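Commentary on secondary and tertiary structure
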Amino acid sequence: MAPNHLSVREMREDEKPVVLEMLKAGVKDTENRVVLHALTRPPALLLLAAASSGLRFVLASFALALLLPVFLAVAAVKLGLRARWGSLPPPGGLGGPWVAVRGSGDVCGVLALAPGANLGEGARVTRLSVCRWHRRRGVGRRLLAFAESRARAWAGSIGEPRARLVVPVAVAAWGVAGLLEGCGYQAEGGWGCMGYTLVREFSKDL
């Protein structure tokens, strides 16, 4: 998409429903892959087997005892992902959220930032989602470049010696990971459960 056909500005009040649907759609695109990755790790399989064995003494149905822990685990992971990335972010110290808008006025991407928890951690991307019809048209790169410029300005305003941007990415979101690596970001740690990473953190010194 040509640069003059795309602008980034703060989200308006009447755009909240569109942005919320975009965030939910972005989570739905990856949540099943994250669930599959999480629940096929050996510790998770062991816990599910133990829960099923315990339920067999309580429930009369063997099939129900086998499937109920799986359904509950899937629901827990999906609800966690939707609560973290599928909802509108709270107001942060860096302003926003911002939306990418085409020349016709259509919202095609959303971005939100927040300060790092500790001094020196830089800024963090808390929401980054692009409408599926525009994902191969440079919207994600434009939003990422905007986030970097905001992170630099924020670091300068508080007197930090260096500007840094951190982007958390679900382990199964290969497209986003490829975009970040192509823009010079490096995977540095992350967080997960039972020793297995579910979210990787990509960072870049600006």
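In this report, we go over the structure that sits alongside the text. (Residues numbered from 1 in each chain as written. Predicted model: local features only at pLDDT ≥ 70, side-chain atom pairs only at ≥ 80, totals over all residues. Heavy atoms only, no water.)

1. What to know about the packing of aromatic side chains
As enumerated under the stated definition, the model contains one aromatic pair in all. Judged by centre distance (5.4 Å) and plane angle (65°), the rings of Trp 98 and Phe 146 are edge-to-face. Residue Trp 98 is located in strand 2 (residues 98–102), and its partner Phe 146 is located in helix 4 (residues 139–158); the two are separated by 48 residues in the primary sequence. Across the pair, Phe 146 and Trp 98 agree in class, each one buried. (Phe/Tyr/Trp six-rings, centres within 6.5 Å; stacked < 30°, edge-to-face > 60°. Helix = DSSP H or I, 4+ residues; strand = E, 2+ residues; numbered from the N terminus. Buried < 20%, exposed > 50% of the residue type's maximum accessible area, 1.4 Å probe, protein only.)

2. Some words on helix 1 (residues 16–39)
In this model helix 1 runs 33 Å from its N-terminal to its C-terminal C-alpha over 24 residues, within 8% of the 34 Å that 1.5 Å per residue would give. Taking the largest bend as the criterion, helix 1 deviates by roughly 35°, centred on Thr 30. If you check which residues of helix 1 are buried, you get Val 19, Met 22, Leu 23, Val 27, Thr 30, Glu 31, Val 34, Val 35, Ala 38 and Leu 39. (Expected span 1.5 Å × (residues − 1). Bend = angle between axes of the 7 residues up to and from the residue.)

3. Focus: the nonpolar core
The biggest cluster of nonpolar side chains holds 35 residues, and the ones touching the most others in it are Leu 111, Leu 113, Leu 165, Val 167 and Tyr 185. With seven residues, the top contributor of residues to this core is helix 4. Sequence-distant contacts of Val 167, that is, excluding residues within four places in its chain, are made with Val 125, Leu 144, Leu 180, Tyr 185, Arg 200, Glu 201 and Phe 202. Core analysis: the second largest hydrophobic core is formed by nine residues, Met 11, Met 22, Val 101 and Val 110 among them. (Core = buried A, V, L, I, M, F, W, Y, C linked by side-chain atoms within 4.5 Å. Contact = heavy atoms within 4.5 Å.)

4. Digging into the environment of Ser 53
Mapping Ser 53 onto the fold places it in helix 2 (residues 42–55). Using a relative accessible area of 40% as the deciding quantity, one classes Ser 53 as partly exposed. Along the primary structure Ser 53 and Ala 65 are separated by twelve residues, whereas in three dimensions their C-alpha atoms are 7.5 Å apart.

5. Concerning the pairing of strand 3 (residues 107–115)
Across the nine residues of strand 3, eight count as buried, placing the element largely inside the fold. Pairing analysis gives four bridges linking strand 2 to strand 3, with the strands arranged antiparallel. Counted as the bridge partner of Trp 98 is Leu 111 from strand 3. The turn linking strand 2 back onto strand 3 is made up of four residues, and Gly 105 within it adopts a positive phi angle of 100°. Two elements, strand 3 and strand 4 (residues 123–130), share seven bridges in a ladder whose sense is antiparallel. Directly across from Pro 115, in strand 4, lies its bridge partner Ala 123. (Pairing = 2+ DSSP bridges.)

6. A closer look at the pattern of salt bridges
Per the stated rule, a full pass over the model turns up twelve salt bridges. Across the salt bridge formed by Asp 14 and Arg 12, the nearest N and O atoms sit 3.5 Å from each other. Judged by relative accessible area, Asp 14 falls into the exposed class, the value being 55%. In this structure, Asp 205 engages Arg 162 in a salt bridge whose closest nitrogen and oxygen atoms are separated by 3.2 Å. In this pair, Asp 205 is assigned in strand 7 (residues 196–205) and Arg 162 in the loop between helix 4 and strand 5 (164–170), connecting sequence segments 43 residues apart. (Salt bridge = Lys/Arg side-chain N within 4 Å of Asp/Glu carboxyl O.)

7. Some remarks on the side chain of Ser 203
For Ser 203, the position within the fold is in strand 7. A polar contact is formed between the side chain of Ser 203 and the side chain of Arg 164, at a distance of 3.1 Å. Those residues in contact with Ser 203 that sit more than four places away from it in its chain are Arg 164, Leu 165, Val 166, Tyr 185, Gln 186 and Glu 188. (Polar contact = N/O pair within 3.5 Å; in protein donor to acceptor, adjacent residues only side chain to side chain.)

8. Concerning the environment of Val 18
Tracing the chain through its elements places Val 18 in helix 1. Classification of Val 18 as partly exposed rests on a relative accessible area of 43%. Linking Val 18 and Ser 52, residues 34 residues apart in sequence, is a C-alpha distance of 41 Å.

By themselves, these figures tell us nothing about what the structure is for.
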